[in-house]
Structure formats: C-alpha cells, structure tokens
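Take a look at the letters that make up each chain.
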Amino acid sequence: MTVPKTMRAVVIHQAGGPETLRIETRRVPKPGEGQVLIRVKAFGLNRSELFTRRGLSPIVDFPRVLGIEAVGTVAEVPCGAFTQGDIVATAMGGMGRQFDGGYADYVCVPTGQVQRLRTVLPWDLLGAMPEMLQTAWGSLFTSLQLRQGDRLLIRGGTSSIGLAATMIAKAHRAVVIATTRNPDRERLLRERGVDQVLIDTGEIASQVREVCPNGVDKVLELVGATTLRDSLRCVRPRGILCMTGIVGDQWSLDGFNPLDDIPTAVSLTSYSGGVENFMRTPLQALVDEVEDGELRLPIGRVFKLDEIVEAHRVMEANAAGGKVVVLT
C-alpha cells in the first residue's frame, strides 16, 4: 500500500455553524513510535463534535480536524502492533480535540486506542459502530449493571445511542421503556423492540409510575441535564440512573441539590467512555452479532466527505432517525 503525500481533511478554523467546516488539502501525518496511521474509510458523527464546532469545548484549539472516531485499514505502523491492511476501529483518546481526528482520509492515533476487527461488513455499518456501540454497551453494563428482567427506561430513545441500547438490552432480555418527543417516532421505537413508548412532554415521571408503580430498575438518561431531575423520580429505591447523553444541549444543571433532587436509595452515575472504556468494549463480539443478524444497527443517513456540512445540519436537527455516517 502506497501512502500519498496529501489528503483531504475537514478543517474548522473558528467556531460557528455547519458552514464553518471546510474541506482542505493537508499533508498525510507520519506515524511515530507507538502510533498507527489509519486510512479512514468511514466515521460516525457525534454530538460532542457539534459542541466543539460551536466553540463549547474549552480544551480545543482551532484550527482542528474534528472526529472522535473512525474505521478503516492500517496504512503504516512503525512498531509492528498491527499489519498493513488490517481492518481497525478507533475512538476517543483526544481525537478531534487534543490532536486531529477522523474527519479526513487518514488519521494518526496511538496504538493503544485501536481495535483490530475481523469482518466482511460494509464500511457504512462499521463506521456507525465504534462510539455508538461502546457508549451504549458501556452505559448498560459498566454503569447500569443491566441484568436479565430489568425494567430499563431510555430517555431519548430515538437517538442513535438510544436505539442501539434498546437492541442490546432486548438481546439481554430486559424490558425496555423508551421516550420520544415526537409521536410519529413511536413506530420506529416499536420496530426496534421497545416494549412501552412514552411521549416526552418534559415530565414523564407520572407516566412511568402508571406503568411501573414502584419505579423502573434502571434509567439511561440521554437527554441530559434538562430532564435529569424528572428522570430521577422514575427510579425505584436501589435502582440506578446513568447520565450519558446531552441531546438536550445542556451540560450542567443549575441549582442542583442532591438531598432534594436524588430520591433516597437511588444511585446516580454517569458514563463518559474514554479510551480504557473503548478498549474494554467487546467490539468484535458486537460486530459478529451484526453479521449474524442478531443485532441491527440504527443507521440514519449516510453521506460522502464532501457533504459534511449537510451531514452536520442533519445531526444538529436530530433528523436522521439513527446514526449519521460519513464515507470517505
């Protein structure tokens, strides 16, 4: 495999709307010791990249190539940890923040944040997997300690992570209740296996108590701070709420009083999914489940690299109905 000298990359020079994303020609990075150069074939879009684009990630300096995940093939690896041509996935570890990320033809990352995969799946499916599946799986099993028979409430059920979490939870025989603000999305949730759909008006605790009078066992909070107080009221004593998402576009909660806002004997935790969490995710096993038809990935829209502006607009409007994927 001959690596070219230059590549296309999506570069942001200043905070703003989707139109601030520009495709530029850049030199292909050279991997050093302990690094691997990946020929990017696809990457998924994530709301954290939306926040970075808006200038809301204080640790990010511009110009920057965004992208906290990517899948592709190994182009160069000085240390021999991989073989040229290996199919690999990478996520987190400062990608798109501390160093240039996956919105490009090539990305250079530490070998310690790369998983090798054996698969014949197409790139659009693989591109949807790394961050979405590690977040869904990690939230369910690392933070929520999901068990067979648990009654799980997913707040923000039509998000890509919500849809992925639904299918993984159903495969582990949990009872899934999911919310949507749009009644037209109920069919989508039912098709993915949701047992009970609740229309989210901003207050759902009373609806949950009608279905589960004592509260649910576990809550996966994907809307974020805007609904956290209400979601806590949905949990039974000794149950767990995991805050993972920020679909509601609010990072923090003003005037949060733990003694008043966290019900007695309810546990509040979170999942942020760093490199160690990504590397612990059984990505190969999940890939195998997709190949075997046991797990259906919630792909929303697929774009080409030169359509990155429109891809961001679709993500920002929550209009995809699943994961937004970009093919290079």
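Per an unreviewed UniProt entry, the protein chain goes by the name NADPH:quinone reductase and belongs to Neomesorhizobium albiziae.

Caption draft 1: View of the sheet that holds strand 14 (residues 267–270). Strand order in the open sheet formed by six strands is 11-10-9-12-13-14, with parallel pairing between adjacent strands. The open sheet has two edge strands with one neighbour each: strand 11 (196–199) and strand 14. In this sheet, adjacent strand axes meet at a mean angle of 20° when their direction is disregarded. Note: strand 12 (residues 216–221) against strand 13 (residues 235–243), five bridges, orientation parallel. From the neighbouring strand, Lys218 faces strand 13, where its bridge partner is Ile240. Here helix 3 (residues 130–143) sits on the sheet in contact with strand 9 (151–155), strand 12, strand 13 and strand 14, set at roughly 145° to strand 13. Sheet strands touched by helix 4 (residues 160–171): strand 9, strand 10 (175–180) and strand 12. Its angle to strand 9, the strand with the most contacts, is close to 170°.

Caption draft 2: Representation of the packing of aromatic side chains. For the structure shown, the criterion picks out two aromatic pairs. Measuring from centroid to centroid gives 4.7 Å for Phe43 and Tyr103, while their planes differ by 15°, and the two rings are stacked. Note that Phe43 is positioned in strand 3 (residues 35–44) and Tyr103 in the loop between strand 6 (87–91) and strand 7 (106–110), a separation of 60 residues in sequence. Look at Phe43 and you get buried, because its relative accessible area is 0%. Under the relative-accessibility criterion, Tyr103 is labelled buried at 0%. Judged by centre distance (5.5 Å) and plane angle (50°), the rings of Trp137 and Phe141 are tilted. Here Trp137 and its partner Phe141 are both found in helix 3, four residues apart, which amounts to about one turn of the helix.

Caption draft 3: Focus on the domain arrangement of the protein chain. For the protein chain, the domain assignment lists domain 1 (6–130 + 274–327) and domain 2 (144–270). A straight line from the C-alpha centre of domain 1 to that of domain 2 covers 28 Å. The interface of domain 1 with domain 2 comprises 12 residues on the first partner and 14 residues on the second. In total, about 1200 Å² of surface goes out of reach between domain 1 and domain 2, with carbon and sulfur atoms giving 57% of it. Looking at the side of domain 1 facing domain 2, the largest losses of area belong to Phe51, Arg296 and Pro298, adding up to 40% of the total buried there. Our count for the domain 1 to domain 2 interface comes out at one residue pair in polar contact (both at pLDDT 80 or more).

Caption draft 4: Looking closely at the pairing of strand 6. With respect to burial, strand 6 is a largely interior element, four of its five residues being buried. Note that strand 5 (residues 69–76) and strand 6 share five bridges and pair antiparallel. Within strand 6, the residue paired with Gly72 across the bridge is Val88. By the bridge criterion, four bridges tie strand 6 to strand 8 (residues 114–117) in an arrangement that is antiparallel. From the neighbouring strand, Ile87 faces strand 8, where its bridge partner is Leu117.

Caption draft 5: Inspection of the pattern of salt bridges at higher detail. Counted by the stated rule, this structure contains 19 salt bridges. Among the salt bridges present, the one from Asp150 reaches Lys218, with a minimum N-O distance of 2.7 Å. Of this pair, Asp150 sits in the loop between helix 3 and strand 9 while Lys218 is found in strand 12, placing the two residues 68 residues apart along the sequence. For Asp150, a relative accessible area of 9% translates into the label buried. Among the salt bridges present, the one from Asp261 reaches Arg229, with a minimum N-O distance of 3.1 Å. Of this pair, Asp261 sits in helix 8 (residues 258–261) while Arg229 sits in helix 7 (residues 228–232), placing them 32 residues apart in sequence. Here Asp261 falls in the buried class, since its relative accessible area comes to 14%. Where salt bridges share partners, they join Arg155, Asp200, Asp230 and Arg233 into one cluster.

What counts, and where the lines are drawn
Residues numbered from 1 in each chain as written. Predicted model: local features only at pLDDT ≥ 70, side-chain atom pairs only at ≥ 80, totals over all residues. Heavy atoms only, no water. Pairing = 2+ DSSP bridges. Helix = DSSP H or I, 4+ residues; strand = E, 2+ residues; numbered from the N terminus. Axes fitted to C-alpha atoms, helices over the stretch in contact; angles between N-to-C directions. Contact = heavy atoms within 4.5 Å. Phe/Tyr/Trp six-rings, centres within 6.5 Å; stacked < 30°, edge-to-face > 60°. Buried < 20%, exposed > 50% of the residue type's maximum accessible area, 1.4 Å probe, protein only. Domains from an automatic or database assignment. Buried area = accessible area lost by both parts, 1.4 Å probe. Polar contact = N/O pair within 3.5 Å; in protein donor to acceptor, adjacent residues only side chain to side chain. Salt bridge = Lys/Arg side-chain N within 4 Å of Asp/Glu carboxyl O.

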